[in-house]
Amino acid sequence: MLIILAGPSGTGKSTILKKLFSEDERLAFSVSHTTRPPRDGEVDGREYHFVDDATFDRMVEDGAFAEWAHVHRRRYGTSRAEVDRLLTAGKDPVFDIDVVGADNLHRAYPDAVRVFILPPSLAKLEARLRGRGTEGEAMIQTRLANAKAEIAAAPRFDYLVINQSVDEAAASLSAIIRGERHRASRYDDLPQRLLSGEEIA
Ligand code: ADP
Ligand code: 5GP
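Report follows, based on the coordinates. (Residues numbered from 1 in each chain as written. Chains lettered and ligands numbered in written order. Predicted model: local features only at pLDDT ≥ 70, side-chain atom pairs only at ≥ 80, totals over all residues. Heavy atoms only, no water.)

1. Section: the site of ligand 1
Residues in contact with ligand 1 amount to 14 residues; listed here are only the nearest, Gly 10, Lys 13, Ser 14, Thr 15 and Arg 132. For ligand 1, an oxygen atom lies 3.4 Å from a polar atom in the backbone of Thr 11. Between ligand 1 and the protein, one listed contact pairs an oxygen atom with a side-chain N or O atom of Arg 132 at 2.9 Å. For ligand 1, the protein covers 74% of the area, taking 570 Å² as the surface of the free molecule. Taken together, the elements giving at least two residues each to the shell around ligand 1 come down to α1 (13-23) and α5 (122-132). In terms of residues, the shell around ligand 1 owes the most to one element, α1, which gives three residues. Partitioned by chemical class, the residues of the shell around ligand 1 number two nonpolar, nine polar and three charged. (Near = heavy atom within 4 Å. Polar contact = N/O pair within 3.5 Å; in protein donor to acceptor, adjacent residues only side chain to side chain. Areas by Shrake-Rupley, 256 points an atom, 1.4 Å probe, with all protein chains shown as cover. Helix = DSSP H or I, 4+ residues; strand = E, 2+ residues; numbered from the N terminus. Nonpolar A, V, L, I, M, F, W, Y, C, P; charged D, E, K, R; others polar.)

Structural data, given as C-alpha cells:
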C-alpha cells in the first residue's frame, strides 16, 4: 500500500512522519531526488538524494522517475527504483511530495492513499516556516505564496488531517493507514485462499 502525503511547506509533514516511522515498522520513507541544496543536519540518501541539475536531467531522459515536478523553483522526483525497492522489501512506502507529484503518482498507482496535511491557520503556517529557520526570506515568501495554491488542491485528496498537535495528527494518520490496510479490495485473493484450505493469518 502506497501512502502519499502532501501539504504546504512548514505544515509539519516531516515531523508527523518521524513519529509514525518510530511506531510502525511496515512504513518506509521514499527518499526522493532533489536539486535543492541540503539543509544543516540533512544527510544525502536519508532525507533526499541531493543531485545536481545535470544528474537530474539525465534521470529524466532515462525515464528513471515515477514522477517529478518543479517545486519552489527547484526540481524534486520519485525514482521508480526507490518505489520498487520498498515494495520488494514488503514495505508500505510513504511519499512526502507536492500536489502535482501526488496527482501523477496516484495516476501510476491508483490504489495509493492520498492524505493532505493542513495547518491550523495561515498565520501558524508562517510561524512554523520561520521558526524552522531553514530558509531565507525570499524562499519563505515563495513557499508561502505556493502554500495557497497547494491548500486549494486539498479537496482532491482522500483524507485531510489538521496538524494542530503533532501527537493528534500522527494518531489520525496512523488510524487512516490502519483502516486502509483493511480495505477489502486490497485482498481480492483472500477468500479463495481461505476456501482452498490455506491459513491466511
Ligand atoms: P514540512 O515537512 O511540512 O515542511 P516540518 O515537519 O519541517 O514541515 O515542520 C515545520 C516546523 O513546524 C518545524 O520546525 C516543526 O518542528 C514545527 N511543527 C510541526 N508540527 C507542529 C505543531 N503541531 N505545532 C507546532 N510546531 C510544529
Ligand atoms: P522541502 O524542500 O521542504 O524538503 O520540500 C519542498 C516540497 O517538495 C514539499 O512540498 C515536498 O513534499 C515536495 N517534494 C519532496 N520530494 C518530492 C518528490 O519526489 N516529488 C515531488 N513532486 N515533490 C516532492
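2. A few points about the pattern of salt bridges
Counted by the stated rule, this structure contains 22 salt bridges. Between Asp 167 and Lys 19 there is a salt bridge whose closest N-O contact spans 3.6 Å. With Asp 167 in helix α7 (residues 166-180) and Lys 19 in helix α1, this residue pair connects regions lying 148 residues apart in the sequence. The exposed category is assigned to Asp 167, whose relative accessible area is 51%. Relative accessible area serves as the criterion here: at 26%, Lys 19 is assigned to the partly exposed category. The partner of Glu 82 in a salt bridge is Arg 85, and the shortest N-O contact between them spans 3.2 Å. (Salt bridge = Lys/Arg side-chain N within 4 Å of Asp/Glu carboxyl O. Buried < 20%, exposed > 50% of the residue type's maximum accessible area, 1.4 Å probe, protein only.)

3. A short note on the packing of aromatic side chains
For the coordinates displayed, the defined rule picks out six aromatic pairs. Centre to centre, the rings of Phe 21 and Phe 29 are 6.1 Å apart; their planes meet at 70°, and the pair counts as edge-to-face. Look at Phe 21 and you get partly exposed, because its relative accessible area is 25%. Ring geometry for Phe 56 against Trp 68: centres 5.8 Å apart, planes inclined by 75°, an arrangement best described as edge-to-face. Placement of Phe 56 in helix α2 (residues 53-61) and of Trp 68 in strand β5 (residues 65-71) is noted, with a sequence separation of 12 residues between them. (Phe/Tyr/Trp six-rings, centres within 6.5 Å; stacked < 30°, edge-to-face > 60°.)

4. Quick look at the site of ligand 2
Neighbouring residues of ligand 2: 17 residues in total, closest Ser 32, Arg 36, Tyr 48, Tyr 76 and Asp 98. Within the side chain of Arg 39, a nitrogen or oxygen atom sits 2.8 Å from an oxygen atom of ligand 2. One of the side-chain N or O atoms of Glu 67 is found 2.7 Å from a nitrogen atom in ligand 2. Elements that contribute at least two residues to the shell around ligand 2 include exactly β5 and β6 (74-79). In the shell around ligand 2, the residues fall into five nonpolar, five polar and seven charged.

5. With respect to the packing of α1 against α7
At a minimum axis distance of 9 Å, the contact between α1 and α7 shows a crossing angle of 60°. Classified by the interaxial angle, the pair formed by α1 and α7 is oblique. In terms of crossing hand, the pair formed by α1 and α7 is right-handed. Contacts between α1 and α7 involve Thr 15, Ile 16, Leu 17, Lys 19 and Leu 20 from the former and Val 166, Asp 167, Ala 169, Ala 170, Leu 173, Ser 174 and Ile 177 from the latter. Counted by class, the contact of α1 with α7 contains eight nonpolar, two polar and two charged residues. (Axes fitted to C-alpha atoms, helices over the stretch in contact; angles between N-to-C directions. Parallel < 35°, antiparallel > 145°, perpendicular 65-115°, else oblique. Left-handed = near helix turned anticlockwise from the far one by under 90°. Contact = heavy atoms within 4.5 Å.)

6. Quick look at the nonpolar core
The nonpolar side chains of soluble globular proteins are, as a tendency, buried together. Among the nonpolar cores identified, the biggest contains 17 residues, and Val 115, Leu 173 and Ile 177 are the most heavily contacted of them. Considering each element in turn, this core owes the most residues, five residues, to α7. (Core = buried A, V, L, I, M, F, W, Y, C linked by side-chain atoms within 4.5 Å.)

7. A look at the sheet that holds strand β1 (residues 3-6)
Judged by pairing direction, the sheet is parallel, and its five strands sit side by side in the order β2-β7-β1-β8-β9 without closing on themselves. A strand with exactly one partner marks an edge of an open sheet, and here the two such strands are β2 (27-29) and β9 (159-162). In this sheet, adjacent strand axes meet at a mean angle of 25° when their direction is disregarded. With four bridges connecting them, strand β8 (residues 113-118) and β9 associate as parallel partners. Within β9, the residue paired with Val 115 across the bridge is Tyr 159. Where α7 meets the sheet, its contacts fall on β1, β2, β8 and β9, and the angle it forms with β9 comes to roughly 160°. (Pairing = 2+ DSSP bridges.)

Functional significance is not addressed by these values, which are geometric in nature.
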